[in-house]
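Coordinate analysis (summary)
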Amino acid sequence: MLLYPFSAGAVAINLFLLFLMLQAVGIPAMPPLIALYLAIPLGIPANWLVTRWVQGLIDQAEGR
């Protein structure tokens, strides 16, 4: 739960930048607030993946 704000923030930034790049093919840009609102539910699976990744790094460092 402690990593959720960081992973949700990363999701919001990535969504915003993705839609900025998609302007090249004619898709309109996503406003930053919409990206923030969409990042709230999308941050949950991202947080789960980040937590698994960090736990794997900890296990690897401890030799488990």
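Before reading on, note that the structure itself is shown above.
Let us look at the structure shown here. Just so we're clear, the structure is a prediction, and the values are computed from it rather than from any experiment.

Re the overall build of the protein
For the protein, the helix and strand inventory stands at two helices and zero strands. For 64 residues, the compact-globule estimate of 2.2 N^0.38 gives 11 Å, and the protein exceeds it by more than 25% at 15 Å. Partitioning the contacts of the protein with sequence separation of at least 6, the portion at a separation of at least 24 is 63%. Carbon and sulfur atoms provide 77% of the accessible area of the protein, an area that totals close to 4900 Å².

Some thoughts on the side chain of Ser7
Take Ser7: it is sitting in helix α1 (residues 4-21). Exposure remark for Ser7: the relative accessible area of 6% places this residue in the buried category. A polar side-chain atom of Ser7 sits 3.2 Å from the main-chain carbonyl oxygen of Tyr4. At 3.5 Å, the side chain of Ser7 forms a polar contact with the side chain of Asn47.

Some thoughts on the nonpolar core
In summary, soluble globular proteins display a tendency toward joint burial of nonpolar side chains. Ranked by size, the top nonpolar core spans seven residues in total: Val11, Ala12, Leu15, Met30, Ala35, Ala39 and Ala46. For this core, the elements supplying multiple residues, two or more each, are α1 and α2 (32-62). With sequence-adjacent residues up to four places away left out, Ala39 is seen in contact with Tyr4, Ala8, Val11, Ala12 and Leu15.

Basis of the calculations
Residues numbered from 1 in each chain as written. Predicted model: local features only at pLDDT ≥ 70, side-chain atom pairs only at ≥ 80, totals over all residues. Heavy atoms only, no water. Helix = DSSP H or I, 4+ residues; strand = E, 2+ residues; numbered from the N terminus. Rg over C-alpha atoms; globule rule 2.2 N^0.38 Å. Contact = heavy atoms within 4.5 Å. Areas by Shrake-Rupley, 256 points an atom, 1.4 Å probe, with all protein chains shown as cover. Buried < 20%, exposed > 50% of the residue type's maximum accessible area, 1.4 Å probe, protein only. Polar contact = N/O pair within 3.5 Å; in protein donor to acceptor, adjacent residues only side chain to side chain. Core = buried A, V, L, I, M, F, W, Y, C linked by side-chain atoms within 4.5 Å.

That's the geometry; what it means functionally is another story.
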